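Architecture and fold: a report
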Amino acid sequence: MNTSAFYDVLVIGGGASGLAAAITAARAGKSVCIVECDVACGLKLLATGNGRCNLSNESIDPQRYNHPAFVESVMGPRPEQELMGFFSSLGIMTTSEEGRLYPRSLRAESVRDALLNVCDRLGITLICGANVASAHKASEGWTLQIDRPARALKAKKHDDRKSELRSLRKALTDVPRKNEALEAHAVIIATGGNPTGIADTFGLPLTSLRPILCPVSATVVGDRAALKTLDGLRVRARLTLTRNHSELWHEDGEVLFRAFGISGVAVFNLSRRIQRGDTILLDVFPDLSKDELLDMLNRRVELLGGFSPRDPRWLDGMLAPQLSRVVCT
Ligand SMILES: Cc1cc2nc3c(=O)[nH]c(=O)nc-3n(C[C@H](O)[C@H](O)[C@H](O)COP(=O)(O)OP(=O)(O)OC[C@H]3O[C@@H](n4cnc5c(N)ncnc54)[C@H](O)[C@@H]3O)c2cc1C
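Residues numbered from 1 in each chain as written. Predicted model: local features only at pLDDT ≥ 70, side-chain atom pairs only at ≥ 80, totals over all residues. Heavy atoms only, no water.

Considerations on the side chain of R112
Among the secondary structure elements, R112 is positioned in helix α4 (residues 108–121). Here R112 falls in the buried class, since its relative accessible area comes to 15%. If sequence neighbours within four positions are ignored, R112 has contacts with A40, C41, G42, L43, L45 and L46. (Helix = DSSP H or I, 4+ residues; strand = E, 2+ residues; numbered from the N terminus. Buried < 20%, exposed > 50% of the residue type's maximum accessible area, 1.4 Å probe, protein only. Contact = heavy atoms within 4.5 Å.)

What about the domain arrangement of the protein chain?
Structurally, the protein chain comprises domain 1 (5–53 + 107–201) and domain 2 (216–328). Taking only C-alpha atoms into account, the centre of domain 1 sits 41 Å from that of domain 2. (Domains from an automatic or database assignment.)

So, the sheet that holds strand β5 (residues 100–103)
Strand order in the open sheet formed by three strands is β3-β5-β4, with antiparallel pairing between adjacent strands. Strands with a single pairing partner mark the edges of an open sheet, and in this sheet they are β3 (56–57) and β4 (94–97). Summarising the sheet, β3 and β5 pair through two bridges and their orientation is antiparallel. Considered in β5, the bridge of S56 is made with L101. (Pairing = 2+ DSSP bridges.)

Quick word on the packing of aromatic side chains
A complete count under the given rule lists three aromatic pairs for this structure. Arranged with centres 5.7 Å apart and planes meeting at 65°, the rings of F86 and F87 form a pair that is edge-to-face. Accessibility expressed as a relative area gives 17% for F86, which makes it buried. The positively charged end of R52 is found above the aromatic ring belonging to Y102, 4.3 Å away from the centroid. (Phe/Tyr/Trp six-rings, centres within 6.5 Å; stacked < 30°, edge-to-face > 60°. Lys NZ or Arg CZ within 6 Å of the ring centre and 35° of its normal.)

Structure, rendered in structure tokens:
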């Protein structure tokens, strides 16, 4: 007979939220299993904070969220202290930069490793490479059918993490699979940004989706190839969002140029307000007024001599060379 494994709590999705929820439930004495569709848990964590993982801010103010009252009711009045308590209970020491907290190692993988180590110590079962095929409410909780790799994934050893991950994902597509039933008193869905599939499986209604934190695809007006030459460059800038020539919003902070558009903290913050067809003005000297900038450029004529107006050498020492070239073009 095919018997089901039983858990008090089943967590679907082993990202930052799922791992934290699983640890919290296990610390409360519950038996816990995480079902993760990717080859391992916490993979997205590795890319956060430019590979350093910005764990929290020193000060988290519910007023800065879209629904402050709701946020305060969920997070409590001093969420930063609870977060710090949680990370410190995982053994993570922190360091602060401009009010942002990072692991002292400045490595995102140490955050993921600490979460996984604690899962291991608490006896949390991790089932990776698994999909939830169906979910049924039973009198005592839930019965889930999952399909999962029939054996452990094997991949060639690689020196770098990305190649190893690629091999594992390839192995996941090749490995035979099997079905398994899981039962649980409670299910926590922590599948991240796009819950459409899992909401269908559980018959849950969804509010309409909209981006809240993402890079923005874009082109430089008048120079479609520009972003290719800027790919990977980071600058501090003021971004002003304009629609039909009206200024709607601005954000100050780091911008990362990518071949497909722009990314970085300031762009993420702006992304929730952007619509297709909008224009973003990028000011790389936000601390200078237009007159002050013109004065400074005029002084550079005396200092540097008479380059032609479109010569990027005007901006030597002010901007990265590849950005100077785009600006002058
Ligand atoms: C480039 C970048 C940098 C960021 N930097 C930071 C930062 O420094 N600090 C910060 O706080 N936040 C940062 N964020 C945001 C942060 O990554 C997310 O808020 C966080 O990952 C959300 O965690 P989560 O567990 O809800 O979702 P995810 O991390 O997306 O995890 C969801 C998990 O569920 C799995 N899953 C999805 N569907 C299923 C399914 N049907 N069945 C089983 N498993 C499923 C996924 O494979 C994944 O492992 C950054 C985001 C990006 C894109």
